[in-house]
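Observations on chain architecture
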Amino acid sequence: MSPFELPDDIVDETVYRRAVAHLKERGVVLPRFAELVTPQPVDDGLDRDAADPRNLFRVHWYNDAAELSGRTVPAHIELPPAITGVDARIVVMLGRNFPIIHAHKVLAAYACLAPRLAAGYFDPTTQRAVWPSTGNYCRGGVAISRILGCRSVAVLPEGMSAERFRWLEEWVTDPSDIVRTPGSESNVKEIYDACAELEREPDTMIFNQFSEFPNYLGHYAVTGSAAASLFEAFRDTDPDLSLAAFVSATGSAGTLAAGDRLKELFGARVVVMEPTECPTLLYNGFGEHNIQGIGDKHVPLIHNVTNTDLIVGVSDDATDDLHVLFNSEAGRAYLAERHGVDAATLSRLDVFGLSGIGNVLAAIKTARRLKLKSTDMILTVATDGSELYTSERQTRLAERFGGRFDAVDAAETFGRHILGGDADHVLEMTRRERDRVFNLGYYTWVEQQGIALADFERRRDQSFWRGLHDKLESFDQLITRINHDTGLSRAA
Ligand SMILES: Cc1ncc(COP(=O)(O)O)c(C=O)c1O
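The structure displayed is predicted, hence computed values, not measured ones.

With that settled, consider the sheet that holds strand β8 (residues 204–206). One open sheet holds the four strands; their spatial order is β7-β6-β5-β8, and the pairing between them is parallel. Because the sheet does not close on itself, it has two edges, and the strands there are β7 (178–181) and β8. Strand-to-strand twist across the sheet, computed as the mean angle between neighbouring axes with direction ignored, equals 20°. As paired strands, strand β5 (residues 128–132) and strand β6 (residues 152–157) are joined by four bridges and run parallel to one another. Bridge pairing in β6 links V130 to V153. The strands touched by helix α5 (residues 136–148) within the sheet are β5 and β6, with β5 carrying the most contacts at an inclination of about 160°. Sitting on the sheet, helix α6 (residues 162–171) is in contact with β6 and β7, with an inclination near 150° to β7.

Following the criterion strictly, the structure yields four cavities of 30 Å³ or more and no others. In this structure, the largest cavity occupies an estimated 240 Å³ of space. Breaking the lining of the largest cavity down by element, the ones donating at least two residues are α5, β9 (242–249) and α14 (354–370). When the residues that make up the lining of the largest cavity are grouped by side-chain class, the tally is six nonpolar, 17 polar and four charged. Each of two domains, domain 1 (66–100 + 223–439) and domain 2 (105–215), supplies a minimum of three residues to the lining of the largest cavity. By volume, the second largest cavity amounts to about 80 Å³. M1, S2, P3, E5, L6, P7, P115, R116, S211, E212, F213 and P214 are the residues that line the second largest cavity. If you list the elements that add at least two residues to the lining of the second largest cavity, you get α4 (105–118) and α8 (213–237). Looking at the lining of the second largest cavity residue by residue, the class counts come to seven nonpolar, two polar and three charged.

Among the 17 residues in the neighbourhood of the ligand, the closest are listed as K105, G251, S252, T255 and S355. Within the side chain of S252, one N or O atom sits 2.6 Å away from an oxygen atom of the ligand. In the environment of the ligand, an oxygen atom lies 2.9 Å from a nitrogen or oxygen atom belonging to the backbone of A253. Coverage of the ligand by the protein chains reaches 99% of its 390 Å² of free accessible surface.

Let us now look at the domain arrangement of the protein chain. Under the domain assignment used here, the protein chain contains domain 1 (66–100 + 223–439) and domain 2 (105–215). Each side of the interface is counted separately: domain 1 has 30 residues, and domain 2 has 27 residues. Together domain 1 and domain 2 conceal approximately 2200 Å² of surface at their shared face, both sides included; 54% is due to carbon and sulfur atoms. Taken as a group, I100, I302 and L388 account for 28% of the area that domain 1 buries against domain 2, more than any other trio of residues on that side. At the junction of domain 1 with domain 2, the criterion picks out one salt bridge. Our enumeration of links across domain 1 and domain 2 arrives at 13 residue pairs in polar contact (both at pLDDT 80 or more). Among the elements that take part in the side of domain 1 that touches domain 2, helix α15 (residues 390–401) stands out by supplying three residues, more than any other. The residue makeup of the side of domain 1 that touches domain 2, split by class, is 11 nonpolar, 13 polar and six charged.

Take the pattern of salt bridges next. Taken as a whole, this structure holds 37 salt bridges when the rule is applied. R89 serves as the salt-bridge partner of D238, at 3.5 Å between the closest nitrogen and oxygen. With D238 in the loop between α8 and β9 and R89 in strand β4 (residues 89–94), the pair connects residues that are 149 residues apart, well separated along the chain. Salt bridges sharing common partners tie together D317, D320, D321, R396, R400 and R416.

So, about unusual backbone geometry. The residue D64 is not glycine, and still its phi comes out positive at about 55°. Here D64 is to be found in the loop between α2 (33–37) and β1 (66–68). Owing to a relative accessible area of 46%, D64 belongs among the partly exposed residues under this scheme.

In this structure, the largest pocket encloses a volume near 500 Å³. Lining the largest pocket are 22 residues, and of these E199, I206, N208, S211 and Q449 lie nearest its centre. The element contributing the most residues to the lining of the largest pocket is helix α7 (residues 188–199), with six residues. In terms of residue class, the lining of the largest pocket is built from 11 nonpolar, six polar and five charged. Here the second largest pocket is characterised by a volume of approximately 230 Å³. What lines the second largest pocket is P39, Q40, P41, V42, D44, R48, R58, H60, Y62, N63, D64 and T72. Here the residues of the lining of the second largest pocket are counted per class, giving four nonpolar, four polar and four charged.

If you walk across this open sheet you meet the seven strands as β3-β4-β12-β9-β10-β11-β13, and the pairing is mixed. The open sheet is flanked by β3 (76–79) and β13 (426–428), the only strands paired with a single partner. Shown here is a sheet whose adjacent strand axes are inclined to one another by a mean of 25°, direction ignored. Sheet contacts for α14: β3, β4, β9, β10 (269–275), β11 (310–314), β12 (376–382) and β13; angle to β11, the most-contacted strand, approximately 125°.

With that settled, consider the pairing of β9. Summarising burial for β9: seven of the eight residues are buried, a large majority. Bridging between β9 and β12 involves five bridges; their strand directions are parallel. Paired with S242 across the two strands is D376, which belongs to β12. Judged from the five bridges that link them, β9 and β10 form a sheet pairing that is parallel. Looking across to β10, one finds that F246 is bridged to V270. Viewed along the sheet, the connection from β9 through helix α9 (residues 257–266) into β10 turns out right-handed.

Conventions used here
- Per chain, residues are indexed from 1 in the order of the written sequence.
- Predicted model: local features are reported for residues with pLDDT of at least 70 only, side-chain atom pairs are reported and counted for 80 or more only, and whole-chain, interface and lining totals are derived from all residues.
- To get the side-chain values, all heavy atoms of the structure are used, and hydrogens and water are removed first.
- Paired strands, in this sense, are two strands between which DSSP finds at least two bridges.
- The helix and strand labels rest on DSSP assignments: H or I over at least four residues marks a helix, E over at least two residues marks a strand, and numbering proceeds from the N terminus.
- Axes here mean lines fitted to C-alpha atoms, for a helix over just the part in contact, with angles spanning 0 to 180 degrees between N-to-C directions.
- Working rule for contacts: check all heavy atoms of both residues, and any pair within 4.5 Å makes them a contact.
- Only protein atoms enter the 1 Å grid, on which a cavity is a set of points fitting a 1.4 Å probe that cannot get out and a pocket is an open set with protein on both sides within 12 Å along at least 5 of 7 lines, lining residues being those with an atom within 4 Å of a point.
- Grid points are joined across faces, edges and corners, and a volume is the space filled by probe spheres set on the points.
- Polar here means any residue outside two lists: the nonpolar Ala, Val, Leu, Ile, Met, Phe, Trp, Tyr, Cys and Pro, and the charged Asp, Glu, Lys and Arg; Gly therefore counts as polar.
- Where each domain starts and ends comes from a domain assignment, either automatic or drawn from a database.
- Nearness of a residue to a molecule or strand requires only that one of the residue's heavy atoms be within 4 Å of it.
- As used in this structure description, the phrase polar contact means that two N or O atoms lie within 3.5 Å; if the pair is within protein, one of them must be able to donate a hydrogen and the other to accept it, and residues adjacent in sequence are counted only when both atoms belong to side chains.
- The Shrake-Rupley method, run with a 1.4 Å probe sphere, supplies the accessible areas, and residue values consider only the shown protein chains as cover.
- Defined here as a combined quantity, buried area equals the accessible surface (1.4 Å probe) lost by two parts on assembly, summed across both.
- Any Lys or Arg side-chain nitrogen located within 4 Å of an Asp or Glu carboxyl oxygen qualifies as a salt bridge.
- Any residue under 20% of the maximum accessible area for its type is buried, any over 50% is exposed, and the rest in between are partly exposed; the area is computed with a 1.4 Å probe on protein chains only.
- Looking down the strands as they point away from the viewer, one classifies a crossover as right-handed if the path from the first strand across the helix to the second runs clockwise.

Structure below.
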């Protein structure tokens, strides 16, 4: 099936019937996308990390929800000017509260699998689901597959963090279900090559997050709505507030789809963050970096490039150093004593994984470039938390700070990366720049991956993306139908 053929009816009756029987036997009810946009509570006593089908109903932003202006809103942290050094309000939604993998990429995995399962296209009784990724998406895919009781394969570069591999080793059914490809973060071509090989084996289906439009759609609907409700709650108490931008690093560019929704609703700018060590979108560049999960040396098929407003480069030097600052005693003491950062904020600085810190830095650069004020808000996400990078932090501490991070290191780190952070590598997208970045995708998708030129091209126009949005309704109808046919209904 081409990525452009999105199911809106049953594709294969026999496979569909097998899927119904399989889900019925396992007691699996699938949530509709609408139920992840507006979720109902799940039994508090249920372990959030259990491979229990009820946890599918936790694949949303409202776990550990907050109250704001009398509304229930996604868990988030607002970073005060004392930390960011800018007046604009920078608010970060927290991916670590998603179930099982503690990163919001489990949403992308569910979004890719659910429509194919409900359409009788993926057979959970005979097929292996293959999840190519740089770490979190494949963990999400493995988690969802295990809940559904089907075999899965994680494909990821061997250089990813030790914490990711430890998690995978516990969750796959067989050690051979972890495929380690050469290189690190930005070696996505090697991942594609491994997938092409796996695809030649029978009963294998690849869920390629970089070209699966349901990844885009899941974030457009679920992440976009969560971010919208958060902004609206802030605006309730501050009617002058405007949503200036949504910032997201791109790995697959799935999360970035929330920006499309926020632009439609509030006119927010869509801002992409990428590592300056691998400046593909900025400068057609390439290279190695350590902002894990992003900067993959190509333009994903599901990236709505011509709707992108700014591209902001962030160095992994900055994210690695700030990760140490945020999670060390000396760093927090410095922020409290010299900058008056409050204790509540300090105690939560572990909500940021490396790409989350990168997103905050990109938000700061955006605020500076656009001269944003205290009536401007920037929303962004922390895909995962610092617990996934303990080993990376230890390595940085040893290699850069000689094993000890003191008050002077804290001051230097903050001064260098936040107060005096470089203002360079910020590109405001003109028509010509949008076309340049869009065209760059040609080499991956048309030349390497065999996408038809006409399909590649139609993504240039916004009408293509608007047309996609209607598919969400069809997906929900398919999910409603399969739940009806299993005869199961959701137990809280
Ligand atoms: C830690 C981390 N940050 C950011 C991203 C990028 O998210 P997306 O793939 O939705 O662009 C990923 C993707 O896997 C990730 O794992």
